[in-house]
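Observations on the model geometry
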Number of protein chains: 4
Amino acid sequence: MPKDMNKNYEIYERRESEARSYCRGFPTSFASASGSELTDDKGNTYIDFLAGCSSLNYGHNDPDMKQALIDHISNDGIAHGLDLHTDTKGDFLTTFEEKILEPRGMDHKVMFTGPTGANAVEAAMKIARKVTGRTNIIAFTNGFHGVTMGALAATGNGYHRGGAAGAALTGVTRMPFDRYMGEDCDTTKFLEAVLKDASSGVDAPAAILLETVQGEGGLNAARTEWVQKVAKLAKEHGALLIVDDIQAGCGRTGTFFSFEKMDIQPDIVTMAKSVSGFGLPLGLVLVRPEHDVMGPAEHNGTFRGNTHAFVTARVAIEKFWADDSFEKELAEKEEILTEALADLAEIVDGGKLKGRGLMRGVDVGSGELASKICGRAFEKGLIIETSGPDDEVVKVLAPLTTPKETFRKGLNIVLDAARDVTTNNTIAAE
Amino acid sequence: MPKDMNKNYEIYERRESEARSYCRGFPTSFASASGSELTDDKGNTYIDFLAGCSSLNYGHNDPDMKQALIDHISNDGIAHGLDLHTDTKGDFLTTFEEKILEPRGMDHKVMFTGPTGANAVEAAMKIARKVTGRTNIIAFTNGFHGVTMGALAATGNGYHRGGAAGAALTGVTRMPFDRYMGEDCDTTKFLEAVLKDASSGVDAPAAILLETVQGEGGLNAARTEWVQKVAKLAKEHGALLIVDDIQAGCGRTGTFFSFEKMDIQPDIVTMAKSVSGFGLPLGLVLVRPEHDVMGPAEHNGTFRGNTHAFVTARVAIEKFWADDSFEKELAEKEEILTEALADLAEIVDGGKLKGRGLMRGVDVGSGELASKICGRAFEKGLIIETSGPDDEVVKVLAPLTTPKETFRKGLNIVLDAARDVTTNNTIAAE
Amino acid sequence: MPKDMNKNYEIYERRESEARSYCRGFPTSFASASGSELTDDKGNTYIDFLAGCSSLNYGHNDPDMKQALIDHISNDGIAHGLDLHTDTKGDFLTTFEEKILEPRGMDHKVMFTGPTGANAVEAAMKIARKVTGRTNIIAFTNGFHGVTMGALAATGNGYHRGGAAGAALTGVTRMPFDRYMGEDCDTTKFLEAVLKDASSGVDAPAAILLETVQGEGGLNAARTEWVQKVAKLAKEHGALLIVDDIQAGCGRTGTFFSFEKMDIQPDIVTMAKSVSGFGLPLGLVLVRPEHDVMGPAEHNGTFRGNTHAFVTARVAIEKFWADDSFEKELAEKEEILTEALADLAEIVDGGKLKGRGLMRGVDVGSGELASKICGRAFEKGLIIETSGPDDEVVKVLAPLTTPKETFRKGLNIVLDAARDVTTNNTIAAE
Amino acid sequence: MPKDMNKNYEIYERRESEARSYCRGFPTSFASASGSELTDDKGNTYIDFLAGCSSLNYGHNDPDMKQALIDHISNDGIAHGLDLHTDTKGDFLTTFEEKILEPRGMDHKVMFTGPTGANAVEAAMKIARKVTGRTNIIAFTNGFHGVTMGALAATGNGYHRGGAAGAALTGVTRMPFDRYMGEDCDTTKFLEAVLKDASSGVDAPAAILLETVQGEGGLNAARTEWVQKVAKLAKEHGALLIVDDIQAGCGRTGTFFSFEKMDIQPDIVTMAKSVSGFGLPLGLVLVRPEHDVMGPAEHNGTFRGNTHAFVTARVAIEKFWADDSFEKELAEKEEILTEALADLAEIVDGGKLKGRGLMRGVDVGSGELASKICGRAFEKGLIIETSGPDDEVVKVLAPLTTPKETFRKGLNIVLDAARDVTTNNTIAAE
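Residues numbered from 1 in each chain as written. Chains lettered and ligands numbered in written order. Predicted model: local features only at pLDDT ≥ 70, side-chain atom pairs only at ≥ 80, totals over all residues. Heavy atoms only, no water.

Helix and strand counts for chain A stand at 14 helices and 17 strands. In terms of overall size, chain A behaves like a compact globule, its C-alpha atoms giving a radius of gyration of 22 Å where 430 residues would be expected to give roughly 22 Å. Each principal axis of the C-alpha distribution contributes one length, and for chain A these read about 60 × 60 × 45 Å. At a minimum sequence separation of 6, the contacts of chain A that also span at least 24 residues come to 73%. Entry remark: accessible area of chain A is about 13,300 Å², with carbon and sulfur atoms responsible for 46%. (Helix = DSSP H or I, 4+ residues; strand = E, 2+ residues; numbered from the N terminus. Rg over C-alpha atoms; globule rule 2.2 N^0.38 Å. Contact = heavy atoms within 4.5 Å. Areas by Shrake-Rupley, 256 points an atom, 1.4 Å probe, with all protein chains shown as cover.)

Written out as structure tokens, the structure is:
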């Protein structure tokens, strides 16, 4: 059933809100997707290095998840179950306990929030406030935690904050993230100082909320010692440590959780994006039992939990996290990625490597250049996006399951695009 | 694959947050569902008068939506597409325009928000603030709009508000809903007075936000004249009118939108719950073109739009809203419902009919009694819940597609349960 | 030392902020004042019916207070004593206890705040919040409590609220004052409803804050039964009752406190304006001992207490409140005032009497007319101002000590001015 | 008329709020004061090194101001004039212009706010917000700006912030003051980084609000280059620079304004404390003409301006600031002070000099020790207080007019007290 592209464009112009965004950079209509490739309605295929902003860590339409979901639907499995007990939820929880929580020594309980990352963050903030009886939450420069009003208060991005249109974003104190003042400045010293000083003007915090790698903020990867220091300060000062692992979790940094090798134990972890495995909406909060204080439905939401997502999430865990083979595969791909990005950093003048694991990119110096590279890459059959305060980082968020060959192919497109664009630039400048 | 119920219970005790709620009232594990019936893992079937809190207006696993979704998945249709153009989204939009918006003379644009009702409400509030440059939003007593911080400020329920744990809920002024001061008091007079009075202390509002029938607030149905008066005041005072149709929309009151027969045109409409048709998470905001001011991704979210939901939503609209046959069917069912609830209102001493369309219930005077009736109904094979400030309303939210026989059967269970409970009460009191 | 008026004007133009206000309506420079009369630098005298907005209830430069203050200064009495014990403060407190608190059965303690009414209100709000652990404070339409951010949240006036320039005014819920919905509507019913309803969206209040007569809001006098009902609701719902007696206190309504004859006992009373007797800055909070919870300097301020003001405040109390003779005098003057204002209400078409005691005026229907009357009165040697949401009330706030003859003379000027202006209006309209 | 001290104590116990504070450290009742000495009701005299927290920079009852004030009162000069023009105000403004503003090249206009420092700060914050259309105000660690809700948001002290009892303190971002991270860390780098970074999460500020020497915060003196850098950043980023000179102004640092020698021009300056010269309440805001945007009475207050204070303020300026002789005198006294405090810093182990000009002290390492030193000094006839987050700084705020002999005598008492206490400590420890 081929479409007339123009017709589709008209409907978007006519009826979709101007808030639409990614579609502006990739002006075609996609019809199907499999693994690491998308196909549009004209039959063109594109390698996907955006992967639903890290929501498709296992690629599109993974065959095992797909089959399980079709079976579930075919058998009249529950589609919407509020927060009733369903076999599907029970199975997911059991698998998540056995394969994820127990092996990592985590006694956390799982709270199903509305199926968005923002909703998980809002719940986490409320929990921390209820546990501590404090309202202040410390968040970091360039952090991104969502755009609903509670989460938006913690989000750094000025464009998104502007969307509040003057309504008060309260209850959050901003602190400098790791390396925000350069490589040599230990920014935890400021945090420590204000926490110790009863007259600092920074009220005792309910929580410290951080991403170990800031995805939207420009692929800023915090050093292990920095995260550990922050965790220690949180503990010393009676604040909960919330790790927002929405973008960095589910293998994106090379392990299931982004903080696994940091020898810390967050009080709360927020998850969304790839946790369903299949790109289906799911948000959850992991919370240590002693902090599991939200009463029945105190934080609620009609779509909390998402039964279809439980089906695919269970398969994803069984398939990729039952042993360490996937982690090993990721380590190999990380090498490929690092190498290619080092090349990219050389192509663009003064390019700077950013990120960690398979959540990496290159700061090319300006949003304009980054945008040109991505635009050129799209012409060559690759979907890739930018991040950072000025969109100055070319960001690779390929599906973790991308076959090495495809991965290299995609990376080569990026390099070619960068060469084209910088050469063109030079030419244009002459 | 039958389950050991106890095993499942243990996993919930051990690993699911105490925030779980509905499962406490219906202590079994559900395995499948079809139409208006749920089946648990022991093979017991239950008639569903909760319907995912009005998220399953077309019942569970509607065969046409089911088939379309299976086809989509089988053909590697997009599962997660961010806000890229996809054929699936284009088809949904086209159908929504043709079958819903155009016939109702609505020129609104569609904004896909994070797939929860709360997210749609947050977006609507932001839009109104950006359009008007004002921050104050007028909401009503007993209103329910979600529990993320922006939406929670507009929500009336004290238990949910308490979840903010002292963090400031700002930017909202509370006004009395229709009938809040009794049948004879026109509460719009207070609204009018504060809007006209530059010294009232109620800042000029960006928007007036209302449900035409307050679902969670106790099935309070606003009278047409009241809604019209509010709409007029909004217009006169430069405020946008936002109708939150999340629970009351999608046919629940007998028409697609709850306000269709009121001769008003909201500036913004929020939708979620049944809009996907199948219980899949989807949230959207309808906004008049001149108010479509959110910039690209200014309000964003990874799961904005939900491609699977687009598939089923399109089928739902084509199947139920292409002509007026479904509306007629609903009118007949409304009669059945009204009659049965009149009986219920007689069984319980001083029972009071509440609601409108197929969103009705009976205020039985106390949360305790309402809870007993629902508990007894569950023993008899019916899932039904309460609402209202003290959970004092027995609320019927049956799938709109429930066959009349099943509908009557379910209603009889309610009546029987009420009789049992009131008789038991008498006995117990002797 | 006569001044060149022009010179003085230039300095104001050149160096005083545009925020200056009253001077715009009374364009002359005042040189001295005694009793109820002001004299300008050209030797013109004016009867003062503004009285420092009720800060000069005992007139200008009362001879006994004046002498006591000169003696104090001459003897090197303390001018500024922070909150150290001083004989002067001790004497004031002793007198205030003996002559004011004890005879009225009030066990309140006295808290000296920064010497402004706004500061007293800010302290009262903080106390109520600390006592109750709640943050919400209920204030009323047309209330005026000051313009610092905490007090401004409780103030109704939109012009003043606009001064916040978009910064959030939080922690206050607005309710309709007595008669706000007309004579027949008991507005406490809405208050009662929201307080009883756990789902009203009005959070349990720390305090209910009211003026018994709203001075700036348009001389709206609450009926005794209304105040009693509010006091009862406050008690029932665990909220403190704060009476802001800044403008209505110190005899203005005929008794020392405005609520004396209402058979209520406020938990907190705020005072300022005339409490020093001489027009010197002084603010204080009366608080019942069990609610005296502010720790040492927890609410502080360099000028808390004002020693010169203690001197004159003591004399004022001894002179005017040692027995009931002053009250009797006020009752007589109230008659004179009421009679004259009844005439005024007849002169202007549809004039409406407002206020209570010696805090009365006439709503002349428009701010334009009220302003013209006041302007014309000034030409005739009387200083008088307006109040109300649209400045539509001609307000008499004469010193309570004004000799009857002067009082009548001033009132006649008002009547003449009104006649002139309404006649002129008619002429102008022809 | 000697008092029975006990009687006075009882009245305080019985009727003064527990919020009273300084009187607890100096348990006597003061009867009179002159120059740098206070006399209690038993005839004991004390040297005053507290000086009304810098409100008595010219000492108690300066004879010239005293005479002028007595003359004014005797001649029925205005005591309370709202913001009407009065000869007294005109004279003050003229003198302030001629002797203070013009010689310093300042074109600022003068806004008379409610007569407290907090009120001036609230007005300044509102002005900056109105000018810029932004709400965020940057304030610093350990800053103190008052305790009304708007100002309290900018105040760092946790004890005072706790007085808000959970009500939201909004609209302020906290930044590290100079030296907060040690001598070598340039804290403006963090400020600069967040201002330049559109994704920092620190919204574009309406103003940067600072004290050049933080009085209550522990006598932290900012370096000139730091203040200049902050001023430059404010300008670059469209924020107003507000210098809160309430405690550091009026000669306290050796010049009239604390920033005079820093080659900066603040957009707004707040003044209170010593600006009246005599300890009378007065608060004012200096604002550059282009930022003088508050409309008539938009920020108002009954006691704005204080006519008695205008009388003494004018004399103070004429007497002390007509030429540079007073500044020279201050420079000499600074030497005396610095020398003595260097001795103090040696007496206490690890004592650290703090402050600038005649606003200096020694951080003695703990609040306990500082309190003991002050207590012992009081026994020896000196009134002196502490400051800092833990009250760890012994702070000298002697009247600037203190005769050198008295100054040395007072300083010797401090040194003796410190020796006594540290020796006693040693003895006690043995």
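That was the structure; now back to the text.
According to the stated counting rule, one finds 82 aromatic pairs over all chains in the structure shown. On the numbers, 4.9 Å between centres and 70 degrees between planes, the contact of A:Phe112 with A:Phe310 is edge-to-face. You can see A:Phe112 sitting in strand 4 (residues 109-112) and its partner A:Phe310 sitting in helix 11 (residues 307-320), a full 198 residues away along the chain. On the basis of relative accessible area, A:Phe112 is assigned to the buried category, the value being 6%. Ring geometry for B:Tyr180 and C:Phe190: centres 6.3 Å apart, planes at 85 degrees, overall edge-to-face. Residue B:Tyr180 is located in the loop between strand 6 (172-175) and helix 9 (188-196), and its partner C:Phe190 is located in helix 9 (residues 188-196); the two belong to separate chains. Note on B:Tyr180: relative accessible area 16%, which makes it buried. When its relative accessible area of 5% is taken as the criterion, C:Phe190 is described as buried. The structure contains a cluster of three or more aromatic residues connected by ring pairs, namely A:Tyr58, A:Phe92, A:Phe96, A:Phe112, A:Phe256, A:Phe257, A:Phe259, A:Phe310, A:Phe320, A:Trp321 and A:Phe326. (Phe/Tyr/Trp six-rings, centres within 6.5 Å; stacked < 30°, edge-to-face > 60°. Buried < 20%, exposed > 50% of the residue type's maximum accessible area, 1.4 Å probe, protein only.)

Moving on, we get to the sheet that holds strand 3 (residues 45-48) of chain B. Residues and elements named next belong to chain B. Taken together, 4 strands build an open sheet; the order of strands is 1-2-3-15 and the sheet is mixed. Unpaired on one side and paired on the other, strand 1 (30-34) and strand 15 (382-383) mark the two borders of the sheet. Strand direction decides the pairing type here: strand 2 (residues 37-40) and strand 3, joined by 3 bridges, are antiparallel. Across the sheet, the residue bridging to glutamate 37 is isoleucine 47, located in strand 3. (Pairing = 2+ DSSP bridges.)

With that out of the way, let us pick up the relation of the copies chain A and chain B. Superposing chain A onto chain B takes a rotation of 180 degrees plus a shift of 0.0 Å along the axis, which leaves an RMSD of 0.0 Å. In symmetry terms, the pair is related by a two-fold rotation axis. Most of the interface of chain A is mirrored in chain B, where 100% of its interface residues again form contacts. (Least-squares fit on C-alpha atoms with pLDDT ≥ 70 in both.)

Tallying the contact residues gives 25 residues for chain C and 25 residues for chain B. Carbon and sulfur atoms supply 54% of the area that chain C and chain B bury against each other, a total of about 2,000 Å² over both sides. Looking at the side of chain C facing chain B, the largest losses of area belong to C:Tyr180, C:Phe190 and C:Ser199, adding up to 27% of the total buried there. The tally of links between chain C and chain B comes to 2 salt bridges. (Buried area = accessible area lost by both parts, 1.4 Å probe. Salt bridge = Lys/Arg side-chain N within 4 Å of Asp/Glu carboxyl O.)

Further remarks concern the domain arrangement of chain A. Residue and element names in this part refer to chain A. Here chain A is described as being made up of domain 1 (7-61 + 325-423) and domain 2 (78-320). Here domain 1 and domain 2 have C-alpha centroids that lie 25 Å from each other. Taken together, the contact between domain 1 and domain 2 spans 30 residues of the former and 31 residues of the latter. Taking both sides of the interface into account, the surface hidden between domain 1 and domain 2 amounts to around 2,500 Å²; carbon and sulfur atoms contribute 52%. Among the residues of domain 1 in contact with domain 2, Tyr58, Arg356 and Met359 are the three that bury the most area, contributing 33% of the side total. Inspection of the domain 1/domain 2 interface yields 1 salt bridge. A salt bridge links glutamate 216 to lysine 395; the nearest nitrogen and oxygen atoms lie 3.5 Å apart. At the surface where domain 1 touches domain 2, the tally comes to 19 residue pairs in polar contact (both at pLDDT 80 or more). Looking at the side of domain 1 that touches domain 2, the elements that each hand over two or more residues are helix 3 (51-54), helix 12 (325-347), strand 13 (352-356), strand 14 (359-363) and strand 17 (393-396). Classifying every residue of the side of domain 1 that touches domain 2 by side-chain character gives 14 nonpolar, 11 polar and 5 charged. (Domains from an automatic or database assignment. Polar contact = N/O pair within 3.5 Å; in protein donor to acceptor, adjacent residues only side chain to side chain. Nonpolar A, V, L, I, M, F, W, Y, C, P; charged D, E, K, R; others polar.)

Across the contact, 112 residues belong to chain A and 112 residues belong to chain B. The contact between chain A and chain B buries some 9,800 Å² in all, and 57% of this surface belongs to carbon and sulfur atoms. Of all residues in chain A, A:Arg15, A:His85 and A:Phe303 bury the most surface against chain B, accounting for 10% of the area lost on that side. Inspection of the region where chain A meets chain B yields 10 salt bridges. Between chain A and chain B we count 60 residue pairs in polar contact (both at pLDDT 80 or more) in total. Considering every element that reaches the side of chain A that touches chain B, the biggest residue donor is helix 5 (residues 87-101) of chain A, with 8 residues. Residues of the side of chain A that touches chain B, tallied by class, amount to 47 nonpolar, 38 polar and 27 charged.

Between the two copies, chain C and chain B, the superposition gives an RMSD of 0.0 Å; the rotation angle is 180 degrees and the shift along the axis is 0.0 Å. Looking at chain C, 100% of its interface residues are interface residues in chain B too, so the copies touch through the same face.

With that out of the way, let us pick up helix 5 (residues 87-101) of chain D. Working note: α-helix, 3.6 residues per turn, so residues spaced by three or four point in the same direction. Counted at 1.5 Å a residue, the expected span for helix 5 of chain D with its 15 residues is 21 Å, and the 20 Å between its end C-alpha atoms agrees. Of all 15 residues making up helix 5 of chain D, 13 are buried, and the element is well covered by its neighbours. (Expected span 1.5 Å × (residues − 1).)

So, about unusual backbone geometry. The phi dihedral of A:Asn61 is positive, around 50 degrees, even though this residue is not glycine. Positive phi, close to 55 degrees, is recorded for B:Ala165, a residue that is not glycine.

Sheet strands pair by backbone hydrogen bonding; their relative direction is either parallel or antiparallel. All names here are of chain C. The strand order 4-12-11-10-7-5-6 describes an open sheet built from 7 strands, whose pairing is mixed. Edge strands, defined here as strands with exactly one partner in the open sheet, are strand 4 (109-112) and strand 6 (172-175). Taken pair by pair, the neighbouring strands of this sheet meet at an average axis angle of 25 degrees, ignoring direction. Strand contacts of helix 9: strand 5 (137-140), strand 6 and strand 7 (207-210), with the helix running at about 140 degrees to strand 6, the strand carrying the most contacts. (Axes fitted to C-alpha atoms, helices over the stretch in contact; angles between N-to-C directions.)

Turning next to helix 9 (residues 188-196) of chain D. Most of helix 9 of chain D is tucked away: 7 of the 9 residues are buried. Of the positions making up helix 9 of chain D, those classed as buried are D:Thr188, D:Phe190, D:Leu191, D:Glu192, D:Ala193, D:Val194 and D:Leu195. Against the buried residues of helix 9 of chain D lie strand 6 (172-175) and helix 9 (188-196) of chain A together with strand 6 (137-140), strand 7 (172-175), strand 8 (207-210) and helix 10 (224-236) of chain D.

Side chains carrying opposite charge are able to pair once their charged atoms draw close together. Applying the stated criterion across every chain yields a total of 136 salt bridges over all chains. Between C:Glu368 and C:Lys372 there is a salt bridge, with its nearest N and O atoms 3.7 Å apart. One end of the pair is C:Glu368 and the other is C:Lys372, both in helix 13 (residues 367-379) and 4 residues apart, which spans about a single turn. We classify C:Glu368 as exposed; its relative accessible area is 57%. A salt bridge links D:Lys319 to D:Asp62; the shortest N-O distance between them is 2.6 Å. With D:Lys319 in helix 11 (residues 307-320) and D:Asp62 in the loop between helix 3 (51-54) and helix 4 (63-74), this pair connects stretches of sequence that are 257 residues apart. With a relative accessible area of 5%, D:Asp62 lands in the buried category. Ionic contacts of the salt-bridge type, sharing partners, join the residues A:Glu13, A:Glu18, A:Arg20, A:Arg24, B:Lys109 and B:Asp292 into one network.

What follows concerns the environment of D:Lys404. Residue and element names in this part refer to chain D. Topologically, lysine 404 is positioned in helix 14 (residues 404-429). Among the residues examined, lysine 404 registers a relative accessible area of 32% and is labelled partly exposed. In this view, lysine 404 contacts Glu332, Lys333 and Ile336; residues no more than four positions away in its chain are not counted.

All names here are of chain D. Two numbers describe how helix 5 lies on helix 11: the axes approach to 9 Å, and their chain directions differ by 30 degrees. Considering the angle they form, helix 5 stands roughly parallel to helix 11. Considering the relative orientation of helix 5 and helix 11, their crossing is left-handed. Contact residues: Thr88, Lys89, Asp91, Phe92, Thr95, Phe96, Lys99 and Ile100 in helix 5; Thr307, Phe310, Val311, Ala313, Arg314, Ile317 and Glu318 in helix 11. (Parallel < 35°, antiparallel > 145°, perpendicular 65-115°, else oblique. Left-handed = near helix turned anticlockwise from the far one by under 90°.)

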